Amino acid sequence: MVFLLYSFVFFFIGWVISSQRSNKKSYIVTYFIGIVLFWGLSYIDAPDTPGYISKFNYEIEPLSGNLDTQFELGYTWLASLMKTIYPHYWLFQFVVFGIEVILIFKGLRFFYDEKALLSIIPLLFFLYPINLAAF
């Protein structure tokens, strides 16, 4: 229910911002923050999250250490890089997911014009997942 309320609030905020014709960049930034928080918070209760947290905290070493090649190589490399900079799992999760959302936005901007993009972002990240997965 919290995710449903959250998505409606961000959908309303985006609708208000998108109705102002000159402020499209703040619309994208607002939705970026909303999406990263929405999906980042939903990963807290994912069934495999405790395994990834323990792997990050106890088995992954900073870049100067040994890289584990038995586990997911991309995760291990990014986690080692992040552990070198700042060793906290939730910041790592935020950075990785933020980069992922930026790449998705860039890809969507390549395929859709700005007017269509303003409609597609809330549908793609809030409404469809709420109807299919969050319940």
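Now for a description of the structure that goes with this document. Positions within a chain are numbered from 1, following the residues in the order the chain's sequence is written. Whole-chain, interface and lining totals are the exception, using all residues; otherwise, since this is a predicted model, local features are given only for residues with pLDDT of at least 70 and side-chain atom pairs are given and counted only at 80 or more. Side-chain metrics in this entry use all non-hydrogen atoms of the structure; hydrogen atoms and water are not considered.

As for the packing of aromatic side chains
Next, step 1: Side-chain rings of Phe, Tyr and Trp, where Trp is taken by its six-membered ring, are said to pair if the distance between their centres is within 6.5 Å; with planes under 30 degrees apart they count as stacked, over 60 as edge-to-face, and otherwise as tilted. Scanning the entire structure with this criterion turns up eight aromatic pairs.
Next, step 2: Ring centres of Phe-32 and Phe-105 lie 6.4 Å apart, and the angle between their planes is 70°; this geometry places the pair in the edge-to-face category. Taken as a pair, Phe-32 in helix α2 (residues 24-42) and Phe-105 in helix α5 (residues 89-111) lie far apart in primary sequence, 73 residues in all.
Next, step 3: With a centroid separation of 5.0 Å and 65° between ring planes, the pair formed by Tyr-52 and Tyr-75 is classed as edge-to-face. In this pair, Tyr-52 is assigned in helix α3 (residues 49-59) and Tyr-75 in helix α4 (residues 73-85), connecting sequence segments 23 residues apart.
Next, step 4: Per-residue accessibility, obtained with a 1.4 Å probe over protein chains only, is compared with the maximum for each type, and a residue is labelled buried under 20%, exposed over 50%, and partly exposed between these values. Under the relative-accessibility criterion, Tyr-75 is labelled buried at 11%. Runs of E in the DSSP output that reach at least two residues are strands. Runs of H or I that reach at least four are helices, and both are numbered from the N terminus.

Notes on the nonpolar core
Next, step 1: Only buried residues count toward a nonpolar core. Its members are Ala, Val, Leu, Ile, Met, Phe, Trp, Tyr and Cys residues joined through side-chain atoms within 4.5 Å. Listed in full, the 12 residues of the largest apolar core are Phe-10, Tyr-27, Ile-28, Tyr-31, Ile-35, Val-36, Phe-97, Val-101, Phe-105, Leu-108, Leu-117 and Ile-121.
Next, step 2: Residue contributions to this core peak at five residues, all from α2.
Next, step 3: Of all hydrophobic cores here, the second largest spans eight residues; its members include Ile-60, Ala-79, Tyr-89 and Phe-92.

Shape descriptors only; they carry no functional weight alone.
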